[in-house]
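Fold and contact review
Spelled out from the first residue to the last, the chains are:
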Amino acid sequence: MAPAMAEPETGGMVVAGAGQGGLQVAESLRAEGYTGPITLIGDETQPPYHRPPLSKALLNGEVTDAQLGIRGLDFFERQRITLLTGVRVSSIDRAAQVVRLDDGRCLSYDGLALATGSRVRPLPVPGAELEGVFGLRTLDDAHRIGAALDAAERVVVIGGGFIGLEVAASARKRGRTVTVLEAAPRLMARVVAPFVSDFYADLHRSHGVDVVLGAQVVALEGSGGTVTAVRTADGTVYPADAVVAGIGIIANDDLAVAAGLACDRGIIVDDCARTSDPRITAVGDCTVRIADGAAPRRLESVQNAVEQGKAAAAALLGRERPFTAAPWFWSDQYDVKLQMVGLSSGHDRIVVRGSPAERRFSVFYFRDGALIAIDSVNRPPDHMTGRKLLDKRVPVTPEQVADESVQLAALAR
Amino acid sequence: MAKITFISHDGAEQVVEIPTGWTVMQGAVQNGVDGIEGECGGSCACATCHCYVDETFAGTLPAPSQTEEEMLECTSSERKPNSRLSCQIKVTPELDGMTLHLPETQS
Ligand SMILES: Cc1cc2nc3c(=O)[nH]c(=O)nc-3n(C[C@H](O)[C@H](O)[C@H](O)COP(=O)(O)OP(=O)(O)OC[C@H]3O[C@@H](n4cnc5c(N)ncnc54)[C@H](O)[C@@H]3O)c2cc1C
Ligand code: FES
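For clarity, every value in this text was computed on a predicted model and none was experimentally measured.

Turning our eyes to something else, we now look at the overall build of chain B. Scanning chain B from terminus to terminus reveals three helices and five strands. Order of helices (α) and strands (β) in chain B, N terminus to C terminus: β-β-α-β-α-α-β-β. Its C-alpha radius of gyration of 12 Å places chain B within 12% of the 13 Å reference for a compact globule of 107 residues. Once the C-alpha set of chain B is aligned to its principal axes, its extents read approximately 30 × 30 × 25 Å. Counting the 107 residues in chain B, one finds 56% classified as buried. For chain B, the accessible surface area stands at approximately 4600 Å², while carbon and sulfur atoms represent 49% of it.

Turn by turn, an α-helix covers 3.6 residues, leaving residues three or four places apart pointing in a common direction. Residues and elements named next belong to chain A. With 13 residues, helix 4 (residues 139-151) extends 19 Å from end C-alpha to end C-alpha; this agrees with the ideal 18 Å at 1.5 Å per step. Taken as a whole, helix 4 has its buried residues at L139, D141, A142, I145, G146, A148 and L149. The elements touched by buried residues of helix 4 are helix 2 (65-68), strand 10 (133-134), strand 11 (154-158), helix 5 (162-173) and strand 17 (242-245).

Residues and elements named next belong to chain A. The five strands lie next to each other as 4-3-2-8-20, forming an open sheet whose pairing is parallel. If you trace the sheet from one side to the other, it starts and ends with strand 4 (81-85) and strand 20 (280-282), each paired once. Averaged over all adjacent pairs, the angle separating strand axes in this sheet is 15°, with direction ignored. Contacting strand 2 (13-16), strand 3 (38-42), strand 4 and strand 8 (111-114), helix 1 (residues 20-31) crosses the sheet at an angle of about 175° to strand 3.

For the rest of this paragraph, the subject is the site of ligand 1. Residues and elements named next belong to chain A. Taken together, 32 residues sit near ligand 1, with G21, D43, E44, K56 and D285 positioned nearest. At a separation of 2.6 Å, an oxygen atom of ligand 1 approaches a polar side-chain atom of K56. Within the side chain of R137, a nitrogen or oxygen atom sits 2.8 Å from an oxygen atom of ligand 1. The protein chains hide 96% of the 990 Å² of surface that ligand 1 would expose on its own. Breaking the shell around ligand 1 down by element, the ones donating at least two residues are helix 1, strand 3, helix 8 (302-316) and strand 22 (328-333). Residues of the shell around ligand 1, tallied by class, amount to 13 nonpolar, 11 polar and eight charged.

This next bit is on the sheet that holds strand 11 of chain A. Sheets are built from strands paired through backbone hydrogen bonds, the pairs being either parallel or antiparallel. Residue and element names in this part refer to chain A. Across the sheet, five strands lie side by side as 10-17-11-12-13; this open sheet has parallel pairing. Edge strands, defined here as strands with exactly one partner in the open sheet, are strand 10 and strand 13 (210-213). Of the strand pairs in this sheet, strand 10 and strand 17 are connected by two bridges, and their pairing is parallel. Considered in strand 17, the bridge of F134 is made with V244. Helix-sheet contacts for helix 5 involve strand 11, strand 12 (177-182) and strand 17, and the interaxial angle to strand 12 is about 165°.

Turning our attention to the packing of aromatic side chains. Counting across every chain of the model gives seven aromatic pairs over all chains. Residues A:F162 and A:F329 carry aromatic rings whose centres are separated by 4.7 Å and whose planes lie at 40° to one another, so their mutual orientation is tilted. In this pair, A:F162 is assigned in helix 5 and A:F329 in strand 22, connecting sequence segments 167 residues apart. Given the relative accessible area of 15%, A:F162 is considered buried. For A:F329, a relative accessible area of 24% gives the class partly exposed. Through a chain of ring-to-ring contacts, three or more aromatic side chains come together here, namely A:F162, A:W328, A:F329 and A:W330. The ring of B:Y52 has B:K80 lying over it, and the distance from NZ or CZ to the ring centre is 4.3 Å.

Turning to the packing of helix 1 of chain A against helix 8 of chain A, a few remarks are in order. All names here are of chain A. Interaxial distance between helix 1 and helix 8 falls to 8 Å at its minimum, and their mutual angle equals 35°. For the crossing formed where helix 1 meets helix 8, the hand is right-handed. Together, Q20, G21, Q24, V25, S28 and L29 of helix 1 and V302, A305, V306, G309, K310, A312, A313 and L316 of helix 8 make up the contact between the two elements.

So, on to the nonpolar core. If you look at the biggest cluster of nonpolar residues, it comprises 48 residues, and the most contacted ones within it are A:L54, A:Y200 and A:Y365. The element best represented in this core is helix 5 of chain A, accounting for six residues. Once you skip the residues sitting within four places of it in the chain, A:Y200 turns out to touch A:L187, A:M188, A:Q333, A:V336, A:K337, A:L338 and A:V377. B:I18, B:W22, B:A28 and B:L61 belong to the second largest nonpolar core, which has 31 residues in total.

So, how was this worked out
- Residue positions are given per chain, counting from 1 as you read along its sequence in written order.
- To label them, take the chains in the order written and letter them from A, then take the ligands in the order written and number them from 1.
- Local features in a predicted model are, by the rule used here, given only for residues with pLDDT of at least 70; side-chain atom pairs are given and counted only at 80 or more, and totals for whole chains, interfaces and linings are based on all residues.
- The basis for every side-chain value is the complete set of non-hydrogen atoms in the structure, without hydrogens or water.
- Secondary structure elements follow DSSP: runs of H or I of four or more residues count as helices, runs of E of two or more count as strands, with numbering from the N terminus.
- Radius of gyration here uses only the C-alpha atoms, and the compact-globule reference equals 2.2 Å multiplied by the residue count raised to the power 0.38.
- Classification of residues uses two cut-offs on accessible area relative to the type maximum, computed with a 1.4 Å probe and protein chains only: under 20% is buried, over 50% is exposed, and between them is partly exposed.
- The method behind every accessible area is Shrake-Rupley, applied with a 1.4 Å probe, and residues are considered shielded solely by the protein chains displayed.
- Between the first and last residue of a helix there are one fewer steps than residues, each counted as 1.5 Å, and that sum is the expected span.
- We call two residues in contact whenever any of their non-hydrogen atoms come within 4.5 Å of each other.
- Should DSSP find at least two bridges between two strands, the strands are regarded as paired.
- Helix axes are fitted to C-alpha atoms over the stretch in contact, other axes to C-alpha atoms as well, and angles between N-to-C directions run from 0 to 180 degrees.
- The near set for a molecule or strand comprises every residue that places at least one heavy atom within 4 Å of it.
- For this analysis, a polar contact is any N or O atom pair within 3.5 Å, provided that within protein one partner can donate a hydrogen and the other can accept it, and provided that sequence-adjacent residues contribute only side-chain to side-chain pairs.
- Each residue gets one label: Ala, Val, Leu, Ile, Met, Phe, Trp, Tyr, Cys and Pro are nonpolar, Asp, Glu, Lys and Arg are charged, and the others, such as Gly, are polar.
- Any two rings among Phe, Tyr and Trp, with Trp reduced to its six-membered ring, count as a pair given centres within 6.5 Å; such a pair is stacked if its planes are under 30 degrees apart, edge-to-face if over 60, and tilted if neither.
- Cation placement over rings: the criterion is NZ of Lys or CZ of Arg within 6 Å of the ring centroid and within 35° of the ring normal.
- In a left-handed crossing the near helix is turned counterclockwise from the far helix by less than a right angle, and in a right-handed crossing that turn is clockwise.
- To qualify as a nonpolar core, a set must consist of buried Ala, Val, Leu, Ile, Met, Phe, Trp, Tyr and Cys residues joined through side-chain atoms within 4.5 Å.

Below, the structure is given as structure tokens:
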């Protein structure tokens, strides 16, 4: 280990956070022709890996850790990207252009990217610290949950968002008794229309999950330090051997806040991933983007991390490569694939295309007559076409969408 | 293990050994094969792992699922009869020696 107060090493480009976004910054810097030193620093022990399968294929036992890796170690060598794992960036000295690591090392930088991601929002109720209560963010978390699901009889999932519902589906696949407790009156309420929420409540119930809506969790109960039950505001007690909470995330903006960068529940960036310091960019879950004069928003998705990563690399090299594509996201639950593109908030009309009864349909969201988002259930072509329609801002009417004889792909060309 | 050859759109060749049970996409991205992105991590949700399978093997692979079939309708480069999503091809020893041609663009 290097001694504390060592002289700063390297210079060049430094990336804090070795997840989806950080890796993209490092790779894109090379792809953009940067030849200087690149250091990618991550506090997890694994090299960067795909997180989405954690709640899906990994919990279902379909993939191993090694298969989740995004790049192999020789890739980093070939690209001359120095990957430091198991070490945290603990502070940034913007005046000196130096980052300090928690093992005592210091690195100077010409350009810095913050890609520190997010952490799970802790349950704000008594008992949250009991054994057998889990959040899901990392590979280690997923292994702990997997082991708990092996041993548990009854699993209670708190939060009916994507992660909670994917975990519920995986737990059912393992034959566990599963209850989902959601505080809102419907599932995935923040992002999808009531129509889609209802579809998913039915889907989970048809697989034997007890979906309880409007359920305010007030306490977790335990015995000998281990969770035994979840209690809701109406006094109901749900026995549980394992509890998985998926109630949202908190952006890891602490480093940026401490360094005096503009933050508002996330590091504020523009379309080019630039922060309020011209030498520092930020990408992915730790950011809040201000664009088109619209309200600041945080997107928690692979696409966002990747596209902002490309934008950040360009910005660090003094180029502008704004990320303006429509956001997209997917979720796999049982054999049902949900693919979403655009942001549906503020819609004033929805049109359904396809057949909910056959579990193949898309919901098209309109605002002031303009298409703003599409949620597709087992209809990949609608999603892929929709990305083109939204990216190119092709005018599409509700009537066209409602009419199955209208070829959307033809409109997108 | 199977040795799989990737031929990029401009003719560059890269041979990669991929363990049995992995998907072709997983082997390609970990080895940094240019032209396979694999953005969704293999969920059959992004179509950035499109490839063309050489004739001798195209027939021996299990047929694509309906989801893969429908995603293939929407690839950014031309869809051909031998188009596949490489995240849906599981490596078996029988695939040793397979050649895959990569499309011009993935997104
Ligand atoms: C279970 C699960 C399922 C998901 N499913 C989907 C999905 O289906 N589709 C989709 O689009 N998205 C999905 N996501 C979201 C997606 O994975 C994230 O949006 C994406 O990983 C964000 O990338 P990032 O680089 O911002 O953060 P991350 O990938 O989280 O990487 C951040 C890294 O930085 C590290 N770090 C933090 N602070 C420091 C520090 N000070 N020093 C060094 N390292 C630090 C963290 O430990 C972490 O390794 C899912 C996420 C989870 C957890
Ligand atoms: S990796 Fe996304 S579809 Fe194959």
